[in-house]
Amino acid sequence: MVSKPDAQTPSSKPDNRASRTRVTQTQGWIAAVIALGFSALVLFSSTGDASYTICSKAKNIYTVDERNPRVECISVRGTEIVKVGEYGQSWSQTYLAGVTSLLPSWLAKYSRVSGRVIQLDDSSVLVPGLADAHAHIIENGYMRQLPLMGSQSVQEVIERIKAYILAHPEVMNDKSRWIEGMGWDQTKWPGSQFPTASDLDKDPLLKGRLISLTRVDGHARWVSLSVLDLMPNLPEKVGGGLIVRDEHGKPTGIFVDHAMSLIPTPPWSDAQLTDFFDMTIKEALSYGLTSIHDAGSSPHQIEFFKKRAEAGTLPNRLYVMGKVDSEEYWGNQIPRLHDYGMHGRLNIQGIKIVADGALGSWGAALLEPYSDKPDMRGLLLSSPETLRKLVHQFWKDGWQTNIHCIGDRANHEVLNIFEDILEKRGGNVTEWRPRIEHAQIFTPGDLKRMKQLGVIASVQPTHATSDMWYAETRVGPDRIKGAYAYQTLLKASPNGVLPLGSDFPIEGVNPLLGFYAAVTRLSVDGTSPHGSGGWFTDELLTREQALKGMTLDAAYAAFAEETLGSLTPGKKADFVVFDKNIMQVPVGDILKAKVLATVVDGEVMYGTL
């Protein structure tokens, strides 16, 4: 409190301007001292209007920016990252960030900033928003209605179906309703043989019901006798598919690849699409996925995504590959979309073609017979000539072309097509960015061609750790050396790009499962056919390589590396905070990490900051 001054004559009255100047100087000096006192805790705003700043004293912010790979703070304004930096910067370069609310109003103007500061504890880590470079959003929700993943026998599948029926009175009381599930894998069962339709008729609760169960890889279905009764006139052969038959020539209830289209399952309604989508996206955000490459969406599904984008209800980014099951050119059925919708989160500029089947169902197309089934070489789902015509037309029309190839024959045939376009017809690999999805089994010569051509290999590390228990049995000791060759494929990439995905629901949605598999080549229980050291460890990725594969490499594979994939000023503020430092903790603790916050466009979509 200041006492009232005595009355003074005009000649003795102090100079108020000088007094105000001294007060202003004092205030400025105090502001500078306070600001310097806070400089050990907070970063800056380059323009003074950051929304918030996040700092880590332990420097646990991994940017995936090779020019500045690990920093102590990032500053966000609106939807973008505006600056990254370190503690200890000089005051002339650094301004107090996010403490305006702690200062008196007369001091606030000296801080030149707005927003708040979030301080991470030393055990937490912040990384760019994670991307899944190959997944199936709607199918993941579909699988969740009756999940069969992990079933150890036919009987366990039957028990799960019974539990589903008993939990759904509308199904229990109406045998005309279809029962659909996904996730069974006969390689996990005693004998490793395909099941049969009659297996589903042995239990009284299941007998007479319409049941269609999709294999874990999505390349085979197992149906009940009642479903077979709906298909009395099945063809003897199916191009690009297989109807498994018994010794008498009767269908057993297993339909592989294109033969699955013969099963008259009802189409998904809009209500089902909504349920499936919401279920998947909620799960994805809880695991830190800010971007998903949907690897094969029908026009119906794309229309659904468009409506969500227009309504502003896409909480993360979708890079969608259009897909139509036709051997005639169908590019005109897919809309081209760039940063579409209220928030600009939907993009479509690529398509998906499936060249062959899957290894687990003996459908992957091999150059030589399967080691464990010498009468089979797998399935090319389209002839090489049909594939060539389709790929050439998609290239001419400017579509990124992404092709599912698992077997060495499929990879060989598709590389022939890509080589023709890139080396003989003027194709530009950087502009086109063709992708081989899965890129699973190669001959040594075709691994060299991947390097020569610069084709992107889009791989799923958990496929290696899921398949390793039977893969060598399928292809033998020589071919396995060119399989799941992730470090080799990364070194073969001229740009050092190896986008990583999960192929969920075939594998789990949690991207840390893929991160762990990539850096350990172990099952989640720490085992492998080669022991606790890992399976073919020459193909391990480092943690830095795996993180880049799930961020910047995935962005490159979607033409988005200028705006996504690293914590770089000017890029979108997409990032994830984990409670454990996945880049440093023992590998056995990687899968224990939990997401504290998932942020898209600077906005928290899951958890809290």
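Parameters and conventions
Residues numbered from 1 in each chain as written. Predicted model: local features only at pLDDT ≥ 70, side-chain atom pairs only at ≥ 80, totals over all residues. Heavy atoms only, no water. Helix = DSSP H or I, 4+ residues; strand = E, 2+ residues; numbered from the N terminus. Buried < 20%, exposed > 50% of the residue type's maximum accessible area, 1.4 Å probe, protein only. Contact = heavy atoms within 4.5 Å. Areas by Shrake-Rupley, 256 points an atom, 1.4 Å probe, with all protein chains shown as cover. Pairing = 2+ DSSP bridges. Axes fitted to C-alpha atoms, helices over the stretch in contact; angles between N-to-C directions. 1 Å grid on protein atoms, 1.4 Å probe; cavity = no way out; pocket = protein on both sides within 12 Å on 5 of 7 lines; lining within 4 Å. Points joined across faces, edges and corners; volume = space filled by probe spheres on them. Nonpolar A, V, L, I, M, F, W, Y, C, P; charged D, E, K, R; others polar. Parallel < 35°, antiparallel > 145°, perpendicular 65-115°, else oblique. Left-handed = near helix turned anticlockwise from the far one by under 90°.

Per an unreviewed UniProt entry, the protein goes by the name Protein LONG AFTER FAR-RED 3 and belongs to Psilocybe cubensis.

Please explain the overall build of the protein as it appears in this structure.
The helix and strand tally for the protein stands at 18 helices and 23 strands. Each of the 609 residues in the protein was classed as buried or not, and the buried ones make up 55%. Considering only contacts within the protein whose residues lie at least 6 apart along the sequence, 72% involve residues at least 24 apart. For the protein, the accessible surface area stands at approximately 25700 Å², while carbon and sulfur atoms represent 53% of it.

Quick question: what am I supposed to make of the sheet that holds strand β11 (residues 220-223) here?
Strands pair in a sheet through their backbones, by hydrogen bonds, and they do so in one of two ways: parallel or antiparallel. Spatial strand order, β9-β10-β11-β13-β12: five strands in an open sheet with mixed pairing. Here the strands that pair on one side only, and so sit at the sheet edges, are β9 (178-184) and β12 (241-245). For this sheet, the mean angle separating the axes of adjacent strands, direction not counted, is 20°. Alignment of strand β10 (residues 210-215) against β11, held across three bridges, turns out to be antiparallel. If you follow Thr214 over to β11, its bridge partner there is Arg221.

What am I meant to see in the pairing of β10 here?
For a regular strand, side chains alternate in direction, first toward one face of the sheet and then toward the other. With respect to burial, β10 is a largely interior element, six of its six residues being buried. In this structure, β9 lies alongside β10, joined through six bridges in parallel fashion. Paired with Trp184 across the strands is Arg215, a residue of β10. Between β10 and β11, which pair antiparallel one after the other, the connecting turn spans four residues, and Gly218 there sits at a positive phi close to 75°.

Would you take a moment to explain empty space enclosed by the protein for this structure?
Vacant regions in the atomic arrangement are exposed by a probe of water-molecule size rolled over the atoms. In the structure shown here, the tally under the stated rule is three cavities of 30 Å³ or more. Of the pockets and cavities examined, the largest cavity occupies roughly 60 Å³. Ala131, Asp132, Leu289, Leu500, Gly501, Ser502, Asn510, Pro511, Gly514 and Met550 are the residues that line the largest cavity. Of all the elements in the fold, those that place two or more residues in the lining of the largest cavity are β8 (130-135) and α16 (511-520). Residues of the lining of the largest cavity, tallied by class, amount to five nonpolar, four polar and one charged.

I keep staring at the pairing of strand β4 (residues 73-77) and nothing clicks. Help me out?
In terms of residue burial, β4 counts as a mostly covered element, since four of its five residues are buried. Note: β4 against strand β5 (residues 80-85), five bridges, orientation antiparallel. Each residue of the ladder has a partner; that of Cys73, found in β5, is Gly85. Joining the antiparallel neighbours β4 and β5 is a turn of two residues, in which Gly78 adopts a positive phi near 65°.

Quick question: what am I supposed to make of the packing of helix α9 (residues 384-396) against helix α10 (residues 408-424) here?
Between two packed helices, what matters for the description is the angle formed by their axes and the separation of those axes. At a minimum axis distance of 10 Å, the contact between α9 and α10 shows a crossing angle of 40°. Put simply, α9 runs oblique to α10. Seen from above, α9 lies across α10 with right-handed handedness. In contact with Pro384, Leu387, Arg388, Val391, His392 and Trp395 of α9, α10 contributes Arg409, Glu413, Ile417, Phe418, Asp420 and Ile421. Here the contact of α9 with α10 is built from residues that sort into seven nonpolar, one polar and four charged.

Any chance you could explain the layout of surface pockets here in plain terms?
Taken as a whole, the second largest pocket encloses approximately 510 Å³ of empty space. Along the wall of the second largest pocket there are 20 residues; nearest its centre are Val64, Asp65, Glu66, Lys548 and Leu552.

Teacher, can you tell me more about the packing of helix α3 (residues 137-145) against helix α8 (residues 299-311) here?
Between α3 and α8, the shortest axis-to-axis distance is 11 Å and the interhelical angle comes to 100°. Relative to α8, the element α3 is oriented roughly perpendicular. Contact residues: α3 offers Ile137, Ile138 and Glu139, while α8 offers Gln301, Phe304 and Phe305. For the contact of α3 with α8, the class distribution of residues is four nonpolar, one polar and one charged.

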